[in-house]
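Spelled out, the chains give:
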Amino acid sequence: MEFEYNKDITSLTTFGIPVKTAVFAEYTSEKELLKISRSPEWLDNDVLHIGGGSNLLFVNDFKGLVLHSGIKGIVRYDKDPDTVYVIAGAAENWARFVDWCVAEGLAGLENLADIPGEVGAAPVQNVGAYGVEAGDLIHSVECFDTFTRKTVTLRHDECRFAYRDSMFKHEGKDRYYVLRVSFKLRPSLEARNISYGPLRRLTEQLGRNPSISEVLAEIKKIRGAKLPDPAVIGSAGSFFKNPVIGEFHFRELDNLLCAEGLEIPHYPQPDGSIKLAAGWMIEKAGLKGYCIGGAQVYPDQCLVLVNKGGASTADVVALSRYVCDRVQARFGIRLEKEVNFIDSSFTFRMLGSGTSKGVPEVGCMCPVCTSSDIHDKRRRCSALLHVKGMNILIDPSPDFRQQALDAGIRSLDAVLITHSHFDHIGGLEDLRPIIGEHQVPIYVREDVAEDLRRRLYYLFREDAPLYPGAAPLDLHVIDDTPFSINGLTVEPINVLHGKKPIFGYRIGDFAYITDAKKIEEEERDKLRDLKLLIVNALRLTDHFAHFTLDEALELIRDVKPERAVLTHFNHEIGLHSEIPNLLPPNVIPGYDGLEITL
Ligand code: EPU
């Protein structure tokens, strides 16, 4: 194993869009992986483990270490006449592995023929097709635990498989690297999963149940007709997930579509929800074959976006947004990406830089409140982070609706709340169009959760069904230990807002502190070595619950970030254009709409 620097990894993805990584390594054993995990290349970098690259899109060149498994080998272990365990190395090609199982007379995986990618990715995204999901057949997964640097075996139930989902996409993300997967198969030539339409037709044609090799051949034929061959046309398979909606919502939509003479393909789920066919919706939104630059909605299966030649990432990103927007406009449902966007950029956007009353204050005629400078128009304090391809909102302020419209926010992946004062949570209900049917986790302290459950009782009540239009809030209670949002580590910082304990947040080299009056020494230690610190500075004169400008500057002098931006101003701070005269060179006054990319 050797590290390769500034390496072109285009051939390790199936989209065929040129991309490089700062460092690359391929390992062929746990021992090599252990060695890598102790190297500076690992310790000093963001690490991304890829498989066959068939379900990801690099939005920009990767700035860290890309790892790829070279662990191969397939071992068969016959347990009893009805059970065979097959253990396959993560680097085995999935399609060849399925062919091998069928050739060995092992039933179970034949419906998953010809899916691009490697065995190691199967448990992560729980690959599925034609009525079968890999998770149904996975007995256990042998992984390298990057937290403990030990090899662990996770049982089927510990993997928590769901539709295109597993624990490896959530708390297991960036923690477990798949080394080998153990499948529990049946020694049998008879195919059992033949409920999918075309397979039922095959059964009728044959006049008997098809064998596993007949199913394998049929699936290859169906896929070949509908899906692009990644060796010829770049793509990452289904670009979006099939949306799952509530029954009430489905009936409303179905009635509207019936009136137009349309019947939407839908699949009732065991929990009463309904899965819809996104490919059909994209087609009916008029997008079959639609192109932006070199990116195209694949005409034979609209759920797939392809690189029809020379597409840039920007083309694919623009097309995927356009598809989401058009489907939302047509059907009122926002599609979620199934493809994993790898985005190394970090952008901070100040959505609001004002204190609880905002600037201008209603009724005030002071020079700041009557200033015509747009930088003196301060909405309530809030921020948006774009990190690891996710949109994370800090504090839904009462101005959230206008802030979101101005910033063009179309989706959120998580919300962090600092405390439950109205100016920091008043916009929670305006998250409704964005949350919709999706579960957007909202991270809160215990006291904030209690407060919200009381104030917004109709969203949490258990004594009666929720009003059908209500979007329940997915509260995740946190304490001050670091936690992970899809592999992104967030560290809460204890801050005193007057006497009230609240949270600030640190993410990598960035930290956001608002409403602080005091930060204890050990919490200040969590704020050292920052590239960017956002901190509140209410005004020049003392306030019982907020830093003055001098107190904010004292914190900055103490923790020494490369840069700092001030926020949460009231009108007494003075005109925006005059604040810089009071600041050292590495500190600027924030304003609504300020954007900084790290
Ligand atoms: N449909 C259209 N137009 C389209 C695409 C689909 O009208 O352009 C209709 C079809 O006629 C059918 C329904 O939508 O009535 C569903 O289509 P299909 O059976 O092709 O399956 P899908 O739901 O679009 C899913 C998987 C595919 C998998 C197929 C077959 C997801 C996100 N995708 O697609 O997986 O091959 O089922 O089981 O669940 C992949 O993940 O990369 C992938 C290709």
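Further up the page is the structure itself.
Now for a quick tour of the structure.

Each value, and the rule that gives it
Residues take numbers from 1 onward in each chain, read along the sequence in its written order. Owing to the predicted nature of the model, reporting of local features is limited to residues with pLDDT of at least 70; listing and counting of side-chain atom pairs is limited to 80 or more, with chain, interface and lining totals taken over all residues. Only hydrogens and water are removed before side-chain values are computed, so all heavy atoms of the structure are retained for them. Whenever a helix is involved, its axis is fitted only over the stretch in contact; in every case the axis is a line through C-alpha atoms, and angles between N-to-C directions fall within 0 to 180 degrees. Each helix is a run of DSSP H or I of at least 4 residues and each strand a run of E of at least 2, with the numbering of both proceeding from the N terminus. Roughly parallel covers angles under 35 degrees, roughly antiparallel covers those over 145, roughly perpendicular covers 65 to 115, and oblique covers all other angles. Each helix crossing is assigned a hand: it is left-handed if the near helix lies turned anticlockwise from the far helix by less than a right angle, otherwise right-handed if that turn is clockwise. Residues are treated as being in contact if the distance between any of their heavy atoms lies within 4.5 Å. Nonpolar residues are Ala, Val, Leu, Ile, Met, Phe, Trp, Tyr, Cys and Pro. Charged residues are Asp, Glu, Lys and Arg, and all others, Gly as well, are polar. Residues are classed as near a molecule or strand on a simple rule: at least one heavy atom within 4 Å of it. The definition of a polar contact used here is a pair of N or O atoms within 3.5 Å, where within protein one atom must be able to donate a hydrogen and the other to accept one, and adjacent residues in sequence count solely through side-chain atom pairs. Method for areas: the Shrake-Rupley scheme with a 1.4 Å probe, in which residue coverage is limited to the protein chains shown. The rule for pairing is simple: two strands pair if DSSP sees at least two bridges between them.

At a minimum axis separation of 9 Å, helix 3 (residues 94–103) and helix 8 (residues 212–226) run at an interaxial angle of 155 degrees. Classified by the angle their axes make, helix 3 and helix 8 are roughly antiparallel. The crossing of helix 3 and helix 8 is left-handed. Taken together, the residues of helix 8 that come into contact with helix 3 (itself represented by V98, D99 and V102) are I212, S213, L216 and K220. Among the residues making up the contact of helix 3 with helix 8, the classes are represented as 4 nonpolar, 1 polar and 2 charged.

Let's shift gears to the site of the ligand. Taken together, 23 residues are adjacent to the ligand, and Y130, R164, Y196, E283 and Q301 come closest. Between the ligand and Q301 there is a distance of 3.0 Å, counted from an oxygen atom to a side-chain nitrogen or oxygen. C302 is positioned such that a nitrogen or oxygen atom in its backbone is 2.8 Å from an oxygen atom of the ligand. Look at the ligand: alone it shows 820 Å² of surface, and the protein chains cover 81% of it. Elements supplying a minimum of two residues to the shell around the ligand: strand 9 (128–129), helix 8, strand 14 (234–238) and helix 10 (278–284). The element that contributes the greatest number of residues to the shell around the ligand is helix 10, accounting for 3 residues.

Moving on to the packing of helix 7 (residues 197–206) against helix 8. Their axes nearest at 11 Å, the elements helix 7 and helix 8 cross at an angle of 130 degrees. Of the possible angle classes, the one that applies to helix 7 and helix 8 is oblique. Crossing angle aside, the handedness with which helix 7 passes helix 8 is right-handed. Residues P198, L199, L202 and L206 of helix 7 lie in contact with helix 8, whose contacting residues are E214, V215, E218, I219 and I222.

Next up on the list: the sheet that holds strand 29 (residues 488–497). Taking strand neighbours across the sheet as the criterion, the 7 strands line up as 28-29-30-31-32-33-34 in an open arrangement whose pairing is mixed. Two strands lie at the open edges of the sheet, namely strand 28 (483–485) and strand 34 (587–589), each paired on one side alone. Neighbour to neighbour, the strand axes of the sheet diverge by 30 degrees on average, direction disregarded. Pairing between strand 28 and strand 29: 3 bridges, direction antiparallel. Paired with F483 across the bridge in strand 29 is V490. Where helix 18 (residues 549–559) meets the sheet, its contacts fall on strand 32 (532–536), strand 33 (563–567) and strand 34, and the angle it forms with strand 32 comes to roughly 155 degrees.

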